[in-house]
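Take a look at the letters that make up each chain.
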Amino acid sequence: MWQVYVFILPIGLGIMTLVASLMALFAYLMSDDNATRLPAFTWFKRLLILAFLLLSIGLFMTFGHFWR
């Protein structure tokens, strides 16, 4: 039964990473200085990719476990 919690963990981490990427997007949109805008957009892209990877892995592991 404890394996289910390990399978759900990437989903929670993916959601938190998605929120962090949205915070970076907000920083990009609200900034007027290019020294802040460029790193914020870079972090937005990185975190968005990581969020979707984590969510995909978590959903695959969770539904792969429950559909057997």
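Everything quoted here is computed from the prediction, not taken from an experiment.

Trainee: Describe in detail the overall build of the protein chain, supporting the description with residues and values.
Mentor: Along the backbone of the protein chain there are 2 helices and 0 strands. The C-alpha atoms of the protein chain give 15 Å as radius of gyration, which overshoots the globular expectation for 68 residues (11 Å, by more than 25%). Taken over the C-alpha atoms alone, the protein chain extends approximately 50 × 15 × 10 Å along its principal axes. Put simply, of all contacts in the protein chain between residues at least 6 apart along the chain, 73% involve residues at least 24 apart.

Trainee: Explain the environment of M23 residue by residue, including any values.
Mentor: Within the secondary structure layout, M23 lies in helix α1 (residues 2–30). The class for M23 is exposed, based on a relative accessible area of 57%. A sequence separation of 13 residues divides M23 from T36, and the C-alpha atoms of the two residues are 13 Å apart.

Trainee: Can you explain the side chain of T17? Please cite residues and give values.
Mentor: Among the structural elements, T17 can be located in helix α1. Given the relative accessible area of 11%, T17 is considered buried. When sequence neighbours within four positions are dropped, the list of residues in contact with T17 reads L47, L50, A51 and L54.

The rules behind these values
Residues numbered from 1 in each chain as written. Predicted model: local features only at pLDDT ≥ 70, side-chain atom pairs only at ≥ 80, totals over all residues. Heavy atoms only, no water. Helix = DSSP H or I, 4+ residues; strand = E, 2+ residues; numbered from the N terminus. Rg over C-alpha atoms; globule rule 2.2 N^0.38 Å. Contact = heavy atoms within 4.5 Å. Buried < 20%, exposed > 50% of the residue type's maximum accessible area, 1.4 Å probe, protein only.

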